[in-house]
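So you can see what is in the structure, the chains are spelled out below.
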Amino acid sequence: WLVVYYLNGNASADETFRVYVDQNTDVDATGETSSSTVIPSGAPVHGNPMTVSQVGALTMSVGTNDPGAENINGNAKNVTMLQLNLSASSVEDIEVTGITLTPTGSGLLRNEIDDPEIRIYNDVNNNGVYESSVDELITTAAYNGATWVVPTATTVSMSRTIYAGTSENWLIVNSFTGGDVDNYLELGILQNSDISGTGVSSSQSVSVTGASIDGGRKTVVSGTTPGTL
């Protein structure tokens, strides 16, 4: 049997409650055949304490070490398209479950981006630069859109917990295999609903603020053949 409560919305954060059967005589039972009183055993039976919690919030911003607009060559590797700062409020841990990235550009096509096309890392030392020996891979994904066009808006699914009262800087990284002079690509998060998250304690969708976010235009200046020094 399930004992279910429906709260009316007037409870305050950190209030607690539970339901329990304190003693055997709290259950009334009668034998179907004997018509005699049946005294059950097993009390006390306690339900788990339930705590009313507030729902957390998530704030996004461009990281302080986002490289911004840059000139690249046509086969540039490990380009930080965006350093994204995500900060969880102090109420509860937040599980980030999805992020929609919107590329805009000209000439840099999906088939000129290395696979995996999207790589998202935790920027462990917060310097805005991908370092294979330092940064932690969160997830990878492929862009939407045909291979012969500029990538289109893409939602990346994930499960990443940001602990209450803390923040993380994420790097969204692309590597390129082709591109002509003046081709460019930039990556953004256009609206707050482009990030989805759930409060770990409340199990509710969290409020997200801070959009819109733009990592800066990456412009090809030397084609696919790098210069020499």
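Scroll up a little and you will see the structure.
Here's what I pulled together on the structure shown here. (Residues numbered from 1 in each chain as written. Predicted model: local features only at pLDDT ≥ 70, side-chain atom pairs only at ≥ 80, totals over all residues. Heavy atoms only, no water.)

All right, on to the packing of aromatic side chains then. On inspection of all chains with the given rule, the structure shows two aromatic pairs. For the ring pair Tyr5 and Phe17, a centre distance of 5.5 Å and an interplane angle of 20° mean the geometry is stacked. Residue Tyr5 is located in the segment before β1 (16-17), and its partner Phe17 is located in strand β1; the two are separated by twelve residues in the primary sequence. Of the residues examined, Tyr5 reaches a relative accessible area of 48% and is grouped as partly exposed. Residue Phe17 is classed as partly exposed on the basis of its relative accessible area, which comes to 28%. Ring plane angle 35° and centroid distance 4.3 Å describe the contact between Tyr121 and Tyr130, whose orientation is recorded as tilted. The same class applies to Tyr121 and to Tyr130, which are both buried. Cation over ring: Arg119 sits above Tyr130, and NZ or CZ is 5.6 Å from the ring centre. In this structure, Arg217 packs its charged tip against the face of Tyr184, placed 3.6 Å from the ring centre. (Phe/Tyr/Trp six-rings, centres within 6.5 Å; stacked < 30°, edge-to-face > 60°. Helix = DSSP H or I, 4+ residues; strand = E, 2+ residues; numbered from the N terminus. Buried < 20%, exposed > 50% of the residue type's maximum accessible area, 1.4 Å probe, protein only. Lys NZ or Arg CZ within 6 Å of the ring centre and 35° of its normal.)

Moving on to the sheet that holds strand β9 (residues 118-122). What holds strands together in a sheet is hydrogen bonding between their backbones, with the strands either parallel or antiparallel. The strand order across the open sheet formed by six strands is β10-β9-β12-β7-β5-β15, and the pairing between neighbours is mixed. At either margin of the open sheet sits one strand with a lone partner, and together these are β10 (136-141) and β15 (207-209). Taken over all neighbouring pairs, the strand axes of this sheet differ in orientation by 25° on average, direction set aside. Pairing of β9 with strand β12 (residues 167-174) involves four bridges; the strand directions are antiparallel. (Pairing = 2+ DSSP bridges. Axes fitted to C-alpha atoms, helices over the stretch in contact; angles between N-to-C directions.)

None of this, on its own, says anything about what the molecule does.
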